[in-house]
Amino acid sequence: MTGDEPVQHCEVATPIDLEGALSRAGIEHLEVDEQRTVVIYQTAILMLIVTEGEATATQRFDVELWKEPADAPDRDPADLLSTFLDELLAAADIPRQ
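Per chain, the residues get numbers from 1 upward, laid out in the order the sequence is written. Only residues with pLDDT of at least 70 get local features here, since the model is predicted, and only at 80 or more are side-chain atom pairs given and counted; chain-wide, interface and lining totals rely on the full set of residues. In computing side-chain properties, one takes all heavy atoms of the structure into account and sets aside hydrogens as well as water.

Caption draft 1: Spotlight on the pairing of strand 3 (residues 36–41). Each residue's exposure class comes from its accessible area (1.4 Å probe, protein chains only) as a fraction of the maximum for that residue type: buried when under 20%, exposed when over 50%, partly exposed otherwise. Numbering of helices and strands runs from the N terminus, with a helix taken as a DSSP run of H or I at least four residues long and a strand as a DSSP run of E at least two residues long. Along strand 3, the buried face is formed by Thr37, Val39 and Tyr41; none of Arg36, Val38 and Ile40, which line the opposite face, is buried. With 4 bridges connecting them, strand 2 (residues 28–31) and strand 3 associate as antiparallel partners. Residue Leu30 lies in a different strand from strand 3, and its bridge partner there is Val38. Looking at chain direction, strand 3 and strand 4 (residues 44–54) are connected through 6 bridges and run antiparallel. The criterion for strand pairing is that DSSP finds at least two bridges linking the strands in question.

Right under this line is the structure:
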């Protein structure tokens, strides 16, 4: 990671269980530790990083694009991250702030 990866910050009104929401959405993921989860989304590799709390109950987290989608390398990173967040939060039934 070089620090140049596209990142979106997310804050929600009620705590979200990121692991549970990923599972409900059918999104492949691997928990690294209590704050970090690697996600494979539409052939892209993302990193979810909890900035407050733990992955099972957080209101603030970041999502970083680590590797662009193999089948769409020219896709706009901001669009990809927004689409991912929309799907994740819909699976948790939590509105985006």
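Caption draft 2: A look at helix 1 (residues 18–25). Regarding helix 1, the residues found buried are Leu18, Glu19, Gly20, Ala21 and Leu22. Any two residues whose heavy atoms approach within 4.5 Å are treated as being in contact. Tucked into the core, helix 1 has its buried residues touching strand 1 (7–16), strand 2, strand 3, strand 4, strand 5 (57–67) and helix 2 (77–92). N-cap assignment for helix 1: the residue whose side-chain oxygen lies 3.2 Å from the backbone N of Glu19 is Asp17. Of the residues flanking the end of helix 1, it is Gly26, one or two places downstream, whose phi is positive at about 70 degrees. We define a polar contact as two N or O atoms separated by no more than 3.5 Å, with the added condition that, inside protein, one atom must be a possible hydrogen donor and the other a possible acceptor, whereas residues neighbouring each other in sequence contribute only through side-chain atom pairs.

Caption draft 3: Focus on unusual backbone geometry. A positive phi angle, near 50 degrees, is found at Gln42, a position not held by glycine. Mapped onto the fold, Gln42 is located in the loop between strand 3 and strand 4. The backbone phi angle of Thr43 is positive, close to 65 degrees, even though this residue is not glycine. With respect to the helices and strands, Thr43 occurs in the loop between strand 3 and strand 4. For Thr43, a relative accessible area of 41% translates into the label partly exposed.

Caption draft 4: Spatial organisation of the confidence of the model for the protein. Confidence scores per residue from the predictor, reported as pLDDT, run from 0 to 100. Averaged over all residues, the pLDDT of the protein equals 92, while 96% of them reach at least 70. The element-level mean pLDDT for the protein is lowest in strand 1, coming to 94, with strand 3 highest at 97.

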